[in-house]
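As a plain string of letters, each chain reads:
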Amino acid sequence: MSTAEGEDAAILAVASAPKVRRRRLRSILLALMAQYTIVTIIVGLSVAGLLRYVVTPQIVAKFEAIEAALKRLPAP
């Protein structure tokens with residue numbers, strides 16, 4: 001019986017190791033995904049702010065200039 005108990009203990013020791021490894025891997029992957037999500041949100045908000053406050057006024061100014069130029073043209 002003692003050899004059977006020794007084998008059972010060895011099997012249980014080997015079987016419990018992957019669970020710890022999986023749990024550690026899962027926590028590492030979760031941390032990396034959280035970092036990726038946070039960085040993606042920050043970059044997205046930065047791009048949206050840049051478009052809103054820099055690019056959009058330039059586009060609006062170009063359309064207003066085109067509109068003013070078209071108003072100055074003589075009517076056909």
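Worth saying up front: this structure is predicted, and the values here are computed from it rather than measured.

## Thoughts on the packing of aromatic side chains
How two aromatic rings sit relative to each other is given by the distance of their centres and the angle of their planes.
At step 1: Counted under the stated rule, the structure contains 0 aromatic pairs.
At step 2: For arginine 52, the ring lying beneath its charged end belongs to tyrosine 53, and the centroid distance is 5.3 Å.

## Brief notes about a nonpolar patch on the surface
At step 1: A cluster of nonpolar side chains, Ile59, Phe63, Ile66, Leu70 and Leu73, forms an exposed patch at the surface whose accessible area comes to about 530 Å².
At step 2: Looking at the element boundaries, phenylalanine 63 is found in helix 1 (residues 2-72).
At step 3: For phenylalanine 63, a relative accessible area of 58% translates into the label exposed.

Conventions adopted
- Residues numbered from 1 in each chain as written.
- Predicted model: local features only at pLDDT ≥ 70, side-chain atom pairs only at ≥ 80, totals over all residues.
- Heavy atoms only, no water.
- Phe/Tyr/Trp six-rings, centres within 6.5 Å; stacked < 30°, edge-to-face > 60°.
- Lys NZ or Arg CZ within 6 Å of the ring centre and 35° of its normal.
- Patch = residues over 30% accessible without salt bridge, like charges linked within 9 Å, V, L, I, M, F, W, Y side chains within 5 Å.
- Areas by Shrake-Rupley, 256 points an atom, 1.4 Å probe, with all protein chains shown as cover.
- Salt bridge = Lys/Arg side-chain N within 4 Å of Asp/Glu carboxyl O.
- Helix = DSSP H or I, 4+ residues; strand = E, 2+ residues; numbered from the N terminus.
- Buried < 20%, exposed > 50% of the residue type's maximum accessible area, 1.4 Å probe, protein only.

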